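Examining the three-dimensional arrangement
Given next are the chains, with one letter for each unit.
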Amino acid sequence: MGSGDEQVALNPTVDFIAGTMAGITGLIVGFPFDTVKVRFQSPEISGKYKSTFNAITTIVREEKFVGLFKGITSPLATVALMNGLVFASYRFFMKLQLPDTNTIPTITQIALAGIGSGIVSSIVTTPTELIKIRQQATLTRTTARQMAFDIMRESGLKGLYRGITVTALRDCGYGAYFAAYEATLRGFPTVQGHAPPWYAMLIAGGVAGMAGWAATFPLDVVKTRVQGTPAIPRVSLPQTVAHKASSLASSVTLSTTSLPIFAESPAAAAATTASTPLLSGNHVKIHTSTSNPPPNPYRTMTSTIIHSYQTEGIRVFFRGLAPTLIRAVPVNMVTFATFEMVVRTLQ
């Protein structure tokens, strides 16, 4: 990003190319830690791992090395669009606040532009991370294409935007991200007309990464839990299904492979899977539970916050923070360094 008037004066084409290259580099470097983070944040499998190192070794042992990169296809496919949108919207919101391109923005103005770019980027971030999270939380092999198809079959196109509100709020962390980067850079002595030294960019990138995550990490936990569960809860059938069967009694069969029957006992469940209906006169009776299954506690941002706090306490909102901060330093050092290097090369 640089400092001073470079915040506004970047060439859009150079900006897009540099942002894309930086995004790809950072994604590959930090993705294994992102997988560990998601595993820690997913309530169904979080207890499987004792520490960051234990999680990495367990995943490699059980799912091979590629298990650490499960779900990378989705963000990798959208990294160009994502980074182009982030940097373009950042520049747009910056221009709205400054009278001309020669004005040096304040740290507050940089933070506001970052917040705006985060909200805009959630349009791409939400479906991308939804697919990624579902893959990362699945211990069996799957593809991004199949996962996207399953989500759309489950709840339509809107299913891909499950959790967009909490994603947009989480991505407001771009405000702290850009502000921390620029504030750190300005702390290093520079010669007029020259960019800060390369080591300053690396340090600033690491600080920016930690600041961005620290500002909104609890919302990331909530987002993972919302997006990691289906949007539509299962609904049980009525207790009795009655119809005239005098002429069809010999041919009527029922199978749980086509009907989501919730049996009231293991014995009843076994009976329903036997494909032989229980006939009584002219009626077919299916023994089921009269009560519906409990609602998904992670169906909304609010319900997720309440349920998570009541069942696991305040510490749950910082679960996965260790691998995230470990990941943030090298990833953002590489990201900003790559961005600056590509910009200088192309300009």
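Along each chain, residue indices are assigned from 1 in the same order as the chain's sequence is written. Local features in a predicted model are, by the rule used here, given only for residues with pLDDT of at least 70; side-chain atom pairs are given and counted only at 80 or more, and totals for whole chains, interfaces and linings are based on all residues. Hydrogens and waters are ignored; side-chain quantities use all the structure's heavy atoms.

**Comments concerning helix α3 (residues 52-63)**
Heads up, the rule is: The numbering of helices and of strands both runs from the N terminus, where a helix is a DSSP run of H or I of at least 4 residues and a strand a run of E of at least 2. Helices are assigned an expected span. That span is 1.5 Å times one less than the residue count. The buried label applies to any residue whose accessible area, calculated with a 1.4 Å probe on protein chains only, is under 20% of its type's maximum; exposed applies above 50%, and partly exposed to all values in between. The directions considered for the arc run from the helix axis to the C-beta atoms. Contacts are residue-level and defined by heavy atoms, with any inter-residue pair within 4.5 Å sufficient.
Along its 12 residues, α3 runs 16 Å from first to last C-alpha, staying within 8% of the 16 Å computed at 1.5 Å per residue. Every buried residue of α3 is listed here: Thr52, Ala55, Thr58, Ile59 and Glu63. Seen along its axis, α3 keeps its buried residues to an arc of 125°; they face one direction. Residues of α3 that are exposed and angled more than 90 degrees away from the buried face: Phe53 and Arg61. Buried residues along α3 sit against α2 (12-41) and α12 (321-346).

**Regarding the nonpolar core**
Definition in use: Within this scheme, the nonpolar core is defined by two criteria: the residues are buried Ala, Val, Leu, Ile, Met, Phe, Trp, Tyr or Cys, and they are joined through side-chain atoms within 4.5 Å.
In terms of nonpolar packing, the biggest core is built from 25 residues, with Tyr90, Met94, Phe178, Tyr181, Leu185, Ala208 and Phe339 touching the most fellow members. Of all the elements in the fold, those that place two or more residues in this core are α2, α4 (73-97), α5 (107-136), α8 (174-186), α9 (198-227) and α12. In this structure, Ile131, Ala144, Met147 and Leu160 belong to the second largest nonpolar core, which totals seven residues.

**Details of the confidence of the model for the chain**
Selection rule: Residue-level confidence of the predictor, termed pLDDT, takes values from 0 up to 100.
Scored by pLDDT, the chain comes out at a mean of 79, with 78% of its residues at no less than 70. When the elements of the chain are averaged for pLDDT, strand β1 (residues 278-280) gives the smallest value, 39, and helix α7 (residues 164-170) the largest, 97. For the stretch residues 3-9, pLDDT sits under 50, and the model shows 19 contacts to residues farther than four places along the chain or on other chains.

**Describing the packing of α9 against α12**
Formally: Working convention: axes come from line fits to C-alpha atoms, limited for helices to the stretch in contact. Angles between N-to-C directions cover 0 to 180 degrees. Should an angle fall under 35 degrees it is taken as roughly parallel, and over 145 as roughly antiparallel, whereas 65 to 115 is taken as roughly perpendicular and any remaining angle as oblique. Crossing handedness is defined as follows: a turn of the near helix away from the far one that is anticlockwise and smaller than a right angle gives a left-handed crossing, while the clockwise case is right-handed. Asp, Glu, Lys and Arg are counted as charged, while Ala, Val, Leu, Ile, Met, Phe, Trp, Tyr, Cys and Pro are counted as nonpolar; the rest, among them Gly, fall into the polar class.
Two elements in contact, α9 and α12, have axes separated by 7 Å at closest approach and are oriented at 135°. It follows that α9 is oblique to α12 by the angle criterion. Every pair of crossing elements has a handedness; the one defined by α9 and α12 is right-handed. Residues Met201, Leu202, Gly205, Gly206, Ala208, Gly209, Met210, Trp213 and Phe217 of α9 lie in contact with α12, whose contacting residues are Leu321, Thr324, Leu325, Arg327, Ala328, Val329, Asn332, Met333, Phe336, Ala337, Glu340 and Arg344. Grouping the amino acids of the contact of α9 with α12 by side-chain chemistry returns 13 nonpolar, five polar and three charged.

**A few points about the packing of aromatic side chains**
We count it as follows: Aromatic rings from Phe, Tyr and Trp, with only the six-membered ring used for Trp, were paired whenever their centres fell within 6.5 Å, and each pair was classed as stacked if the ring planes differed by under 30 degrees, edge-to-face if by over 60, and tilted otherwise.
Counted according to the given criterion, the structure contains 11 aromatic pairs. A centroid spacing of 6.4 Å and a plane angle of 85° characterise the contact between Phe40 and Tyr49, whose relative ring orientation is edge-to-face. We classify Phe40 as buried; its relative accessible area is 10%. Seen from their ring centres, Trp198 and Tyr199 are 6.0 Å apart, and the 85° between their planes marks the pair as edge-to-face. Trp198 sits in the exposed class, given a relative accessible area of 60%. Residue Tyr199 is classed as partly exposed on the basis of its relative accessible area of 41%. The structure contains a cluster of three or more aromatic residues connected by ring pairs, namely Tyr90, Tyr174, Tyr177 and Phe178.

**Details of the side chain of Arg225**
Locating Arg225 in the fold gives a position in helix α9. Note on Arg225: relative accessible area 2%, which makes it buried.

**Focus: the pattern of salt bridges**
The cut-off we apply is this: What counts as a salt bridge is simple: a side-chain nitrogen of Lys or Arg found within 4 Å of a carboxyl oxygen of Asp or Glu.
For the structure shown, the criterion picks out 14 salt bridges. For Lys37, the salt bridge goes to Asp34, with nearest N and O atoms at 3.8 Å. Of this pair, Lys37 and Asp34 both sit in helix α2, three residues apart, which is roughly one turn of the helix. Both residues of the pair, Lys37 and Asp34, count as buried. Linking Glu62 and Lys48 is a salt bridge whose minimum nitrogen-to-oxygen distance equals 3.2 Å. With Glu62 in helix α3 and Lys48 in the loop between α2 and α3, this residue pair connects regions lying 14 residues apart in the sequence.

**Digging into the packing of α2 against α3**
Remark: α2 packs on α3, axes separated minimally by 10 Å, with the N-to-C direction vectors making an angle of 100°. As far as their axial angle goes, α3 and α2 are roughly perpendicular. Of the residues in α3, those touching α2 at Phe33, Thr35, Val36, Arg39 and Phe40 are Thr52, Ala55, Ile56, Ile59 and Glu63. Per-class residue counts for the contact of α2 with α3 are six nonpolar, two polar and two charged.

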